[in-house]
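Reading the structure
Okay, here's what each chain looks like letter by letter:
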Amino acid sequence: MKLTQISIFLENRKGRLFDVCSLLGKNKVNIRALTVAESEQFGILRIVVDKPEATAALLKKHGFVASLTDIVAVEVADKPGGLADILKVLSVSDINVEYMYGFVERKSDKAILVFRFDEPDKAIVLLKKKKIKVIGRKEIGDL
Amino acid sequence: MEINFWDKEIETIDKAALKVLQLKRLKETVSCALKTQFYKPRLKKAGINSADDIKHWEDYKKIPLTTKDDLRECYPNGLLAVDMKDVVRLHTSSGTTGTPTVIYHTKNDINHWAELVARSIVATGATNEDVFQNMMSYGMFTGGLGLHYGAEKVGLTVIPMGGGNTKRQIQLMKDFGSTILHITPSYILHIHSKLGESGVELKDLRLRKAYLGAEPYSENTRKKVEQLFKIDVYNSYGLSEMNGPGVGFECAHKCGMHVWEDTYLLEVIDPKTGESLGEDKEGEIVLTNLTRRATPLLRYRTRDIAAIHKGLCGCKRTHRRISRILGRTDDMLIINGVNVYPSQIEEVIMRIPQVGTNYQIYLEKEGTLDKLVVKVEIYSKMFSGNLAEIDALKSRIVEELRASIIIHPAVELHEPGSLPVFEGKAKRVVDNRVKL
């Protein structure tokens, strides 16, 4: 139930983010979720797409520095306290969140959160036990 | 103009007597060199089996030139000519590709070096009433200790502050009424820009002179510093292979640096052909140290470009003068007074696996100080997507460079293929510094 995220190293240069997005657009890759971690001179663009392996290969072919990372996507009620409920489950079990980002699902009242955990497998078991919905690859493609 | 001497007899020695003294000392140096692993086979090959084979000045030309690479190969003791128990100090350079160079000194060597520095500073008018703030780094760098010993010999009040810490430097200048500074040109300009911030005005200071060295600079920079501080600026020349500062120094006339020719045999050669050039011709300075017994160096190619001035100086010193250093024959960079070879930077970068094969070295001015920017491409296979790892990589490159070249660089990480690619000889160094 783990998903695969693509991380792309981008130096802080004009038009670099555009380069990535236009390449993906031309190749009909739809970005489901996106975040940018930034530093002074460079950033890491993290995206969730429907076909991560093929997309990563495409990016590398075009000279981008890209790597794949396991992440876990979780459905959460789009209401106050929704995120806190999930974090509480993880926190009591000593699972660390390295980073996370979220996006709102289009046709429902749910939000989807993307997590990078230090122990993703353990996190998935735990989340499921607490009846928290973990999104699979197919569902991400269907969104 | 009042002309002071530290050792008038030697400083005004007539030409003929100087030649005799030089030849005598050259013989002593050759017999000393024959005791070293390096020179023994080399001199024999050139037909010099003992000091007696040096009879006339013509014989001098038989001695082959010595290069920096020779010095590296001699590390650590190929040029040691005395028993280690007679060595009282050594100075090493950081070395370009991991091989440093070393110069040993006996007690007499150190004392003679201090004599040369004493002559130099007295020639500028320094006396025991001066307060001397030494802003050159102490330690392995010869700039700090070199001037220190000479200044103490003359009896100046020495403040051994070393480099950096501008606020404290200014405070000390004010509190102790420093009259003479020993400093790099870029740093003295930086100090001037910080005076206001420190709440110190020129009238609070008692500055009269500055000895500027360790970096090339122009006559205009001298004038600028002289006007900004209302002081006299004297040019200083030295290199660690020839002890350090005190090889050449300007006198009160400020018209070229007197090279102490009783101690240094001075030649200027065409760097391409090795041929000796006449006066007023720009070329590479070649020096023989005639008095150092622990580490003899014969006809050493300094890679510094300058010319020997024609004619006598108004101060009546007979020792000839050289121009400012006009350039280098190699790719050595001087960054805030520190000597750095691009290969040193490359060596550090290339041992880090997360770094790709392309890199560039940028030099910029930040205020009056030099700023070193090292741009490297990351190696795509080592990218894990983790920001902390990339930050750690950057810090690692900064730290390792700092440890190797002493300078704190700015490091920029770039995507593979984003730095310019060169066909043939790569232009790795981009020097955007405005010449001082």
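Before reading on, note that the structure itself is shown above.
The following paragraphs examine the structure supplied in this document. (Residues numbered from 1 in each chain as written. Chains lettered and ligands numbered in written order. Predicted model: local features only at pLDDT ≥ 70, side-chain atom pairs only at ≥ 80, totals over all residues.)

Along chain A, the regular secondary structure elements total five helices and seven strands. Compactness check: chain A gives a C-alpha radius of gyration of 16 Å against a globular reference of 15 Å for 143 residues, within 12% of the reference. Overall, the C-alpha framework of chain A stretches about 40 × 30 × 25 Å when taken along its three principal axes. Taking contacts inside chain A between residues at least 6 apart in sequence as the whole, the part at least 24 apart equals 66%. (Helix = DSSP H or I, 4+ residues; strand = E, 2+ residues; numbered from the N terminus. Rg over C-alpha atoms; globule rule 2.2 N^0.38 Å. Contact = placed C-beta atoms within 7 Å.)

Moving on: the environment of Leu17(A). Here Leu17(A) shows up in helix α1 (residues 16–26). When residues no more than four places from it in sequence are discounted, the contact partners of Leu17(A) are Leu10(A) and Leu45(A).

This paragraph deals with the packing of helix α8 (residues 166–175) of chain B against helix α9 (residues 185–195) of chain B. Residue and element names in this part refer to chain B. For the pair α8 and α9, the least separation of the axes is 10 Å and the interaxial angle reads 80°. Between α8 and α9, the angle is such that the two are roughly perpendicular. Contacts between α8 and α9 pair Thr 166, Gln 169 and Ile 170 from the former with His 190, Ile 191, Lys 194 and Leu 195 from the latter. Of the residues contributing to the contact of α8 with α9, the split by class is three nonpolar, three polar and one charged. (Axes fitted to C-alpha atoms, helices over the stretch in contact; angles between N-to-C directions. Parallel < 35°, antiparallel > 145°, perpendicular 65-115°, else oblique. Nonpolar A, V, L, I, M, F, W, Y, C, P; charged D, E, K, R; others polar.)

What follows covers the nonpolar core. One finds Ala33(B), Ile183(B), Ile188(B), Ala210(B), Tyr264(B) and Leu287(B) to be the most contacted residues of the largest nonpolar core, which totals 85 residues. Dropping the residues within four chain positions of it, Ile188(B) is found in contact with Leu181(B), Ile183(B), Ala210(B), Leu212(B) and Val225(B). Ranked by size, the runner-up nonpolar core spans 54 residues in total, among them Ile47(A), Val49(A), Ile112(A) and Val338(B). (Core = buried A, V, L, I, M, F, W, Y, C linked by C-beta atoms within 7 Å. Buried ≥ 20, exposed ≤ 12 C-beta atoms within 10 Å, placed from the backbone.)

A few words on the interface of chain A and chain B. Each partner contributes residues to the interface: chain A has 12 residues there, and chain B has 14 residues. Looking at the side of chain A that touches chain B, the elements that each hand over two or more residues are β1 (3–11), β3 (42–49) and β4 (65–77) of chain A. Classifying every residue of the side of chain A that touches chain B by side-chain character gives five nonpolar, six polar and one charged.

All names here are of chain B. Read across the sheet, four strands follow the order β19-β18-β17-β20 without closing on themselves; strand pairing throughout is mixed. Each edge of the sheet is formed by a strand with only one pairing partner; in this case those strands are β19 (410–414) and β20 (429–431). Taking the axes of each pair of neighbouring strands and ignoring which way they run, one obtains an average angle of 20° across the sheet. Here strand β18 (residues 369–378) runs beside β19; their pairing, made up of five bridges, is parallel. Residue pairing for β19: Lys 375 is matched across the bridge by Glu 412. Those strands touched by helix α11 (residues 342–350) are β17 (355–366), β18 and β20, and its axis lies near 135° from that of β17. Lying on the sheet, helix α12 (residues 387–405) is in contact with β18 and β19; it crosses β19 at an angle near 140°. (Pairing = 2+ DSSP bridges.)

Time to look at the pairing of strand β12 (residues 300–306) of chain B. A regular strand places its side chains on the two faces of the sheet in alternate fashion. Residue and element names in this part refer to chain B. Counting buried positions along β12 yields five of seven residues, so the element is predominantly enclosed. Looking at chain direction, strand β11 (residues 283–289) and β12 are connected through four bridges and run antiparallel. Residue pairing in the sheet places Gly 283 in a bridge with Ala 306 of β12. As paired elements, β12 and strand β14 (residues 327–328) share two bridges and run antiparallel to each other. Within β14, the residue paired with Asp 304 across the bridge is Arg 328.

All names here are of chain B. Their axes nearest at 11 Å, the elements α9 and helix α10 (residues 219–229) cross at an angle of 30°. When the interaxial angle is binned, α9 and α10 end up roughly parallel. Seen along the crossing, α9 lies across α10 with a hand that is left-handed. Residues Pro 185, Ile 188, Leu 189 and His 192 of α9 pack against Thr 221, Val 225, Leu 228 and Phe 229 of α10. Counted by class, the contact of α9 with α10 contains six nonpolar, two polar and no charged residues. (Left-handed = near helix turned anticlockwise from the far one by under 90°.)

This brings us to α8(B). All names here are of chain B. Every buried residue of α8 is accounted for by Gln 169, Ile 170 and Met 173. Considered in projection along α8, the buried side chains sweep an arc of 95° and stay on one side of the axis. Turned more than 90 degrees from where α8 packs its buried face, Lys 167, Arg 168 and Asp 175 sit exposed. In the core, the buried residues of α8 are packed alongside β3 (131–134) and α9. Two residues or fewer past α8, Gly 177 is found with a positive phi of approximately 55°. (Arc of directions from axis to C-beta.)

Generally, phi is negative for residues other than glycine and the peptide bonds are trans, each holding for most cases. Residue and element names in this part refer to chain B. That bond from Tyr 75 to Pro 76 is cis: its omega, 0°, falls within 30 degrees of zero. Structurally, the position occupied by Pro 76 is in the loop between α5 (68–73) and β1 (87–92). Backbone geometry at Asn 165 places phi at a positive 60°, although glycine is not the residue there. Structurally, the position occupied by Asn 165 is in the loop between β4 (157–159) and α8. Even without glycine at this site, Ile 406 takes up a positive phi of about 70°. For Ile 406, the position within the fold is in the loop between α12 and β19.

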